Amino acid sequence: SQQGEEDPQALSIQEGENATMNCSYKTSINNLQWYRQNSGRGLVHLILIRSNEREKHSGRLRVTLDTSKKSSSLLITASRAADTASYFCATLTSGSRLTFGEGTQLTVNP
Amino acid sequence: NAGVTQTPKFQVLKTGQSMTLQCAQDMNHEYMSWYRQDPGMGLRLIHYSVGAGITDQGEVPNGYNVSRSTTEDFPLRLLSAAPSQTSVYFCASSYSIGPYPYEQYFGPGTRLTVT
């Protein structure tokens, strides 16, 4: 089964709105990573948060991590049509296996 | 730097044929991995390597072999192709701190169809 599970599966918003997607995981982690995938392309790394961090920012992205709840959230502020993509979280499972959730499909309508 | 390169970009195989998907990186990354992505799905880990000479199985290793003779290259071999292996295959690499891989750099993918 997947270690990381994103929620919601799909999200549709208007340009300028904020988008929040969540990731839950099952086992202890060293770090949690968020990626973006445009249709038909490879994944691009967005942000990594270590297990001893609670919040991290990068431009319009804000990631939070709650290790007690085994969950993370990705917030995209002031969304743009170009943010339309699938977003995945990734965590380590056993050993050095880095596994991905099934993703959230974000659509930003102009 | 070329980053992570994969060849071929597209491939059609008949059931039972074998082939090797190539992956190379020029960033001196210790950690390399192979994923497959089926339509509308996330990525599933096939095999990974934490350094030259060391490989391990991921979530879906059956029907695939890997080897890691150099830091740069991590080929994926399909032993006897089956229609269930029709997918997009991504190779990725990263530096690691101890056993923990960090930011993954992905190749552009190989679209494989098995008829």
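Calculation criteria
Residues numbered from 1 in each chain as written. Chains lettered and ligands numbered in written order. Predicted model: local features only at pLDDT ≥ 70, side-chain atom pairs only at ≥ 80, totals over all residues. Heavy atoms only, no water. Phe/Tyr/Trp six-rings, centres within 6.5 Å; stacked < 30°, edge-to-face > 60°. Helix = DSSP H or I, 4+ residues; strand = E, 2+ residues; numbered from the N terminus. Buried < 20%, exposed > 50% of the residue type's maximum accessible area, 1.4 Å probe, protein only. Lys NZ or Arg CZ within 6 Å of the ring centre and 35° of its normal. Contact = heavy atoms within 4.5 Å. Buried area = accessible area lost by both parts, 1.4 Å probe. Salt bridge = Lys/Arg side-chain N within 4 Å of Asp/Glu carboxyl O.

**Observations regarding the packing of aromatic side chains**
Two descriptors summarise a pair of aromatic rings, namely the distance from one centre to the other and the angle between the planes of the rings.
Thought 1: The final tally for this structure, using the stated rule, is 9 aromatic pairs over all chains.
Thought 2: Where Tyr35 of chain A meets Phe106 of chain B, the ring centres are 5.8 Å apart and the plane angle is 85°; that geometry is what we call edge-to-face. Here Tyr35 of chain A, found in strand S4 (residues 31-37), pairs with Phe106 of chain B, found in strand S12 (residues 105-106), and the two come from separate chains. An identical accessibility class is assigned to Tyr35 of chain A and Phe106 of chain B; each is buried.
Thought 3: Seen in terms of ring centroids, Phe100 of chain A and Phe106 of chain B are 6.0 Å apart; in terms of plane orientation they differ by 70°. Their pairing is edge-to-face. With Phe100 of chain A in strand S10 (residues 98-100) and Phe106 of chain B in strand S12, this pair bridges two chains. Like Phe106 of chain B, Phe100 of chain A is buried.
Thought 4: Here the aromatic cluster, defined as three or more aromatic residues joined through ring pairs, consists of Tyr35 and Phe100 of chain A together with Tyr35, Phe90 and Phe106 of chain B.
Thought 5: One residue, Arg68 of chain B, lies across the ring of Phe74 of chain B, its end atom 5.9 Å from the ring centre.

**Quick word on the interface of chain B and chain A**
Thought 1: Counting from both sides, the interface comprises 22 residues of chain B and, opposite them, 24 residues of chain A.
Thought 2: Summed over both sides, the interface of chain B with chain A buries roughly 1900 Å², with 53% coming from carbon and sulfur.
Thought 3: Three residues, Leu43, Tyr102 and Phe106 of chain B, lead the burial of chain B against chain A; their summed loss comes to 24% of the area buried on that side.
Thought 4: The tally of links between chain B and chain A comes to 0 salt bridges.

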